[in-house]
Amino acid sequence: MVPLIIDCDPGQDDAVALLLAMASPEELQLLGITTVAGNVSLDKTSRNARQICELAGQPQMGVYAGCPRPLLRPLETAEQVHGKTGIDGADLPEPQMPLGSQHAVPYLIETLMAAPEPVTLALLGPMTNLAVALVQQPRIVERIQRLVFMGGSAFEGNVTPAAEFNILTDPHAAQIVLSAGIPEVVMLGLHVTQQVLSTPERIERIRALGTRVGQTVANMLTFYGKVDVERYGLPGGPLHDPCVIAYLLQPQLFELKPCYVEVETASSLNLGRTVVDRWGSSGRPANVQVAFGVDAQGFYHLLTERLGRYR
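Keep in mind that what you see is a predicted model, and the values were worked out from it rather than measured.

Caption draft 1: Seen up close, the packing of aromatic side chains. Applying the stated criterion across every chain, the model contains 3 aromatic pairs. Ring geometry for Y64 and Y107: centres 4.1 Å apart, planes at 15°, overall stacked. Remark: Y107 occurs in helix 4 (residues 104-114) and Y64 occurs in strand 3 (residues 63-65); sequence separation between them is 43 residues. Comparing Y64 with Y107 shows no difference in burial state: the two are buried. Taking 5.0 Å as the distance between ring centres and 80° as the angle between the ring planes, the aromatic pair formed by F299 and Y300 counts as edge-to-face. Residue F299 is classed as buried on the basis of its relative accessible area, which comes to 0%. A cation sits over an aromatic face here: R278 above F292, 4.3 Å from the ring centre.

Caption draft 2: Structural view of the pairing of strand 2 (residues 28-35). Most of strand 2 sits inside the fold, with 6 of its 8 residues counted as buried. Two strands pair when backbone bridges link them, and strand 1 (residues 2-8) and strand 2 are joined in this way by 7 bridges, in the parallel orientation. Paired with C8 across the two strands is T35, which belongs to strand 2. Taken together, strand 1, helix 1 (residues 12-22) and strand 2 constitute a β-α-β crossover, and its handedness is right-handed. Note: strand 2 against strand 3, 3 bridges, orientation parallel. Within the sheet, the bridge partner assigned to I33 lies in strand 3 and is V63.

Caption draft 3: Representation of the pattern of salt bridges within the structure. Applying the stated criterion across every chain, the model contains 8 salt bridges. Across the salt bridge formed by E27 and R306, the nearest N and O atoms sit 2.8 Å from each other. Taken together, the positions of E27 in the loop between helix 1 and strand 2 and R306 in helix 13 (residues 296-307) put the pair 279 residues apart, joining distant regions of the chain. You can call E27 partly exposed: its relative accessible area is 24%. Given the relative accessible area of 7%, R306 is considered buried.

Caption draft 4: Unusual backbone geometry, seen in detail. The amide bond that connects P10 to the next residue, G11, takes the cis arrangement and shows omega of 0°. By the element assignment, G11 lies in the loop between strand 1 and helix 1. The phi torsion at D91 lies on the positive side, around 55°, for a residue other than glycine. Along the chain, D91 falls in the loop between helix 3 (79-82) and helix 4.

Cut-offs applied
Residues numbered from 1 in each chain as written. Predicted model: local features only at pLDDT ≥ 70, side-chain atom pairs only at ≥ 80, totals over all residues. Heavy atoms only, no water. Phe/Tyr/Trp six-rings, centres within 6.5 Å; stacked < 30°, edge-to-face > 60°. Helix = DSSP H or I, 4+ residues; strand = E, 2+ residues; numbered from the N terminus. Buried < 20%, exposed > 50% of the residue type's maximum accessible area, 1.4 Å probe, protein only. Lys NZ or Arg CZ within 6 Å of the ring centre and 35° of its normal. Pairing = 2+ DSSP bridges. Right-handed = clockwise from strand over helix to strand, strands pointing away. Salt bridge = Lys/Arg side-chain N within 4 Å of Asp/Glu carboxyl O.

In structure tokens, the structure reads:
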């Protein structure tokens, strides 16, 4: 099993990623969940994470709230995409499980330093929590087996022409993380996740599972995809964050290329851009394995099979 911590800002796609991870206990040992402000405010992302844990039948899971804003920039949420709750369409009751009493940053530091073996981190939102942890305790780099994150793009962004939401929300945190020397970093950017489309047919296969989880996921994805379908003229909305968990479960679904990646933090025009050197023209050694291809059909087969484990 892979010891894993998920840092997230639920968000419907984060919610589906959490359900995919919790449906796979024979492969992923989920140690805990940390939350950050991003898609919606911190109080909402922390509530949403607990709602999803309860939906998955995992009320004992530790959920730890982290940073309520980016390092230097004001918080700009994405309620126009995710709705006022962040997981509109889910229609879940208020969570009964308590929020962890510890802040996400000391939780990350203490858990990583005490773990008997290095831990994998899955980052599904802005990288603020991990950046602060790295500044407070740089030695945690030695305790991270690998970092897999959804964010950035090798091409164009989805908030500005240059920048994707997770990275633009806190570009300074992302640059701290990518320059920290973590031994293995995998990037699943828009150029891959926008190939993983929740078409009506794929959503209906999830709904046809006939379970509360299947119905909830189908409802969330129906709401969540509307903005991108209208903006890009796609047959379905891209399902971003679950690609991280799918990579951990079945890495053969993705095609990777080692690249040097840096985050632009100075230019007003390109703020938050992930500058991906595909061909080595910068002369700098690769620091990130960047995904460029994905088997979308295989991804949805995996997702539907794992969601079908819930009864």
